[in-house]
Amino acid sequence: MNILDDLQWRGLIQDSTDLDALAAHLDSGRITFYVGFDPTAASLHVGHLTQALTARRLQLAGLRPLLLVGGATGMIGDPRESDERVLNAPEVVAGWVDQIRQQLRPFVTYEGDNAATLVNNLDWTGEMSAIDFLREVGKHFPVNKMLAREVVRARLESGISFTEFSYQLLQSNDFYELHRRHGCTLQFGGSDQWGNITSGVDYVRRRGAGPVHAFVTPLVTTADGKKIGKTEGNATWLDATMTSPYAFYQFWFNADDRDIGMFLRRFSFKTHDEILQLEKATQDKPAARQAQRALAAELTTLLHGETECAQVIAASQALFGRGDLAELSQATLGAALAEAGTVDIDGEPPTLAWAFKETGLVSSLSEARRTVKEGGAYLNNVRVEDADQPLSAEHLLHGTYAVLRRGKKTIAGVVRR
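In every chain, residue numbers begin from 1 and rise along the written sequence. Since the coordinates come from a predicted model, pLDDT governs what is reported: local features require at least 70, and pairs of side-chain atoms require 80 or more to be given and counted, while whole-chain, interface and lining totals use all residues. In computing side-chain properties, one takes all heavy atoms of the structure into account and sets aside hydrogens as well as water.

Strands here mean DSSP runs of E at least two residues long; helices mean DSSP runs of H or I at least four residues long; both are numbered from the N terminus. Of the regular secondary structure elements, the protein chain holds 19 helices and 11 strands. For the protein chain, the spread of C-alpha atoms along the three principal axes comes to 80 × 45 × 40 Å. Across the 417 residues that make up the protein chain, the buried fraction comes to 51%. In the protein chain, 74% of the contacts between residues at least 6 apart in sequence involve partners at least 24 apart. Categorising residues by exposure relies on relative accessible area from a 1.4 Å probe, with only protein chains included: less than 20% of the type maximum marks a residue as buried, more than 50% marks it as exposed, and the intermediate range marks it as partly exposed. We call two residues in contact whenever any of their non-hydrogen atoms come within 4.5 Å of each other.

Another aspect to go through is the environment of F33. Structurally, F33 can be placed in strand 2 (residues 32–37). Its relative accessible area of 0% is what places F33 among the buried residues. Leave out the neighbours within four places in its chain, and F33 touches A55, L58, Q59, L63, R64, P65, L66, C184, L186 and F188.

Looking now at the sheet that holds strand 8 (residues 377–379). In short, DSSP must find at least two bridges between two strands for them to pair. An order of 7-11-10-8-9 is seen for the 5 strands of this open sheet, with the pairing classed as mixed. Strand pairing shows two members of the sheet lacking a second neighbour, strand 7 (342–345) and strand 9 (382–383), which therefore form its edges. Strand direction decides the pairing type here: strand 8 and strand 9, joined by 2 bridges, are antiparallel. Its bridge partner lying in strand 9, L379 is registered against V382.

This part is about helix 14 (residues 272–284). To estimate how far a helix should reach, multiply one less than its number of residues by 1.5 Å. Spanning 13 residues, helix 14 covers 18 Å between terminal C-alpha atoms, matching the ideal 18 Å at 1.5 Å per step. Of the positions making up helix 14, those classed as buried are H272, I275, L278, E279, A281 and T282.

Note on aromatic pairs: each is described by the distance of the centres and the angle between the planes. Pairing of aromatic side chains requires ring centres within 6.5 Å, counting the rings of Phe and Tyr and the six-membered ring of Trp. Pairs whose planes differ by under 30 degrees are stacked, by over 60 edge-to-face, and all others tilted. Scanning the entire structure with this criterion turns up 11 aromatic pairs. With a centroid separation of 4.8 Å and 90° between ring planes, the pair formed by F251 and W252 is classed as edge-to-face. By the ring-pair criterion, three or more aromatic residues cluster together here, those being F248, F251, W252, F263 and F267. Over the ring of F269 we find R57, and its NZ or CZ is 4.3 Å from the ring centre. A ring is scored as having a charge over it whenever the NZ atom of a lysine or the CZ atom of an arginine sits within 6 Å of its centre and within 35 degrees of its normal. The cationic tip of R289 hangs over the ring face of F253; the distance from NZ or CZ to the ring centre is 5.5 Å.

With that out of the way, let us pick up the sheet that holds strand 6 (residues 213–217). Through backbone hydrogen bonds, the strands of a sheet pair up, either in parallel or in antiparallel fashion. The strand order across the open sheet built from 6 strands is 1-6-5-2-3-4, with neighbouring strands paired in mixed fashion. If you trace the sheet from one side to the other, it starts and ends with strand 1 (15–16) and strand 4 (117–119), each paired once. Examined bridge by bridge, strand 1 and strand 6 share 2 bridges and lie antiparallel to one another. Counted as the bridge partner of D15 is V216 from strand 6. Against the sheet, helix 4 (residues 90–104) engages strand 2, strand 3 (64–69) and strand 4, with an angle of about 150° to strand 3. Set on the sheet, helix 10 (residues 167–182) makes contact with strand 2, strand 3, strand 4, strand 5 (184–190) and strand 6; between it and strand 5 the angle comes to about 145°. Note on method: axes are straight lines fitted to C-alpha atoms, helices fitted across the in-contact stretch only, with angles between N-to-C directions ranging 0 to 180 degrees.

Let's shift gears to the side chain of R149. Relative to the helices and strands, R149 resides in the loop between helix 7 (143–147) and helix 8 (150–156). A polar contact of 3.3 Å, which involves the side chain of R149, links it to the side chain of D78. Discounting residues that sit within four places of it in the chain, R149 has contacts with D78, P79, Q168, D192 and N196. In protein, a polar contact means a hydrogen-donor-capable atom and an acceptor-capable atom, both N or O and within 3.5 Å, with residues adjacent in sequence counting only if both atoms are side-chain atoms; elsewhere, any N or O pair within 3.5 Å suffices.

Next up on the list: the nonpolar core. Within soluble globular proteins, side chains that are nonpolar tend to cluster in buried spots. Counting 69 residues, the largest nonpolar core has L49, L104, W252, F263, F267, L319 and L333 as its most contacted members. Tallying contributions element by element places helix 15 (residues 290–304) first for this core, with 7 residues. Once residues within four sequence positions are removed from consideration, L104 is found in contact with F37, L44, A52, L67, V69, Y110 and L118. Residue types Ala, Val, Leu, Ile, Met, Phe, Trp, Tyr and Cys, when buried and joined through side-chain atoms within 4.5 Å, form a set referred to as a nonpolar core. Core analysis: the next-biggest nonpolar cluster, separate from the first, contains 28 residues, F165, L169, C184 and V204 among them.

For the rest of this paragraph, the subject is the side chain of N120. In this fold, N120 is placed in the loop between strand 4 and helix 5 (122–125). Within polar-contact distance, the side chain of N120 engages the backbone nitrogen of L122 at 2.9 Å. Residues contacting N120, with those up to four places away along its chain left out, are V69, G70, G71, A72, V97 and R101.

All right, on to the pattern of salt bridges then. By convention in these notes, a salt bridge is any Lys or Arg side-chain nitrogen within 4 Å of a carboxyl oxygen on Asp or Glu. For the coordinates displayed, the defined rule picks out 17 salt bridges. R258 is paired through a salt bridge with D256; the nearest N and O atoms lie 2.8 Å apart. Looking at R258, the relative accessible area reads 60%, which means it is exposed. Judged by relative accessible area, which is 30%, D256 ranks as partly exposed. Across the pair D344 and R417 runs a salt bridge whose closest N-O atoms are separated by 3.1 Å. Taken together, the residues span a long stretch of sequence, with D344 in strand 7 and R417 in the segment after strand 11 (410–416) at a distance of 73 residues. With relative accessibility at 42%, the residue D344 sits in the partly exposed group.

A few words on the packing of helix 14 against helix 15. Two elements in contact, helix 14 and helix 15, have axes whose closest approach is 8 Å; the angle formed by their N-to-C orientations is 140°. Considered as vectors, helix 14 and helix 15 are oriented oblique to each other. Residues L278, A281 and T282 of helix 14 lie in contact with helix 15, whose contacting residues are Q290, A291, Q292 and A294. Basically, the charged four are Asp, Glu, Lys and Arg, the nonpolar ten are Ala, Val, Leu, Ile, Met, Phe, Trp, Tyr, Cys and Pro, and anything else, Gly included, counts as polar. Partitioned by chemical class, the residues of the contact of helix 14 with helix 15 number 4 nonpolar, 3 polar and no charged. We call two directions roughly parallel when the angle between them is under 35 degrees, roughly antiparallel when it is over 145, roughly perpendicular when it lies between 65 and 115, and oblique otherwise.

As structure tokens, then:
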């Protein structure tokens, strides 16, 4: 199966300029493509994975990637329907550019005949004067076409600045410059970028270059209608300091059964047969969460490495009594308990009954004592015999954490600050 057939099977092509022409172009020799990421925060999030992983697929198929991190466009911001973006300081954007460039490194290889290249559109945009930009770029953009863009139409009544209105010109010029400098003939991005991307295709043609091609991937929407990304709040970030590897793993492990088939197709590098088998496993034995485990392990390993993924899986097992808590690193244990919920202690050691109540595992001290009496309370995976026993320093893993569990599945943590 060729790369376009694979992308279509995985549901990764929503629109394209001309799939037949692109297929013929891909058969003509080595192709260079680009995909862009704007630094609107200190980290990319799971919503960006579609583009990062699609770039990886294309490179594995022999194409050469240009990963653009927008040092210029990131200082402007693509218009959104809701309101005007807040402009970030140039030094802030520059710092985010450096961070995001590092985050993209695991997804492609920078060696070999089709080695990836990281590019920054500030390199060519920053050196242009306003007069040069208006004469060389702006002259090729009919205003009526720019006004027809859906997001612009939505903002006309409430107001849109010329700054954001001009974003389309900047992104279009990126395609032209990458075509001129690197021989780039293909751009892809998310479907929300379709207007900007086709504008770039047209601009390259108006400059007497090309032909060039483009396609867009669908936005990833869960079964309950939510986009995965930061716009819905509670973003899952790719930066380990913003979302721990444990939390990243749990994001995929907790995927809805209705979504996991789509997630596998778009985010996994498993074969079609392997994905179909995992989809069937979800239908036959959903409680086993075999598909979720497989995807969570694959993506956590890709982003954070095998060692970190092994720690995360060990933590997932140890927290529920199926492994040794003492073998977990302090960082992994802390991240896992942060997801479960913790309560801080300081000063005199509290009783275990108090700890169970304060963490919310039980609603009262009497319920805590009853849970202990019934044999359903655990401290660091050891059954608690005395509810009034103090939670002392010897119970603290790494001198900081204690793991409380009620029954088989409900856990919380105590943290000594």
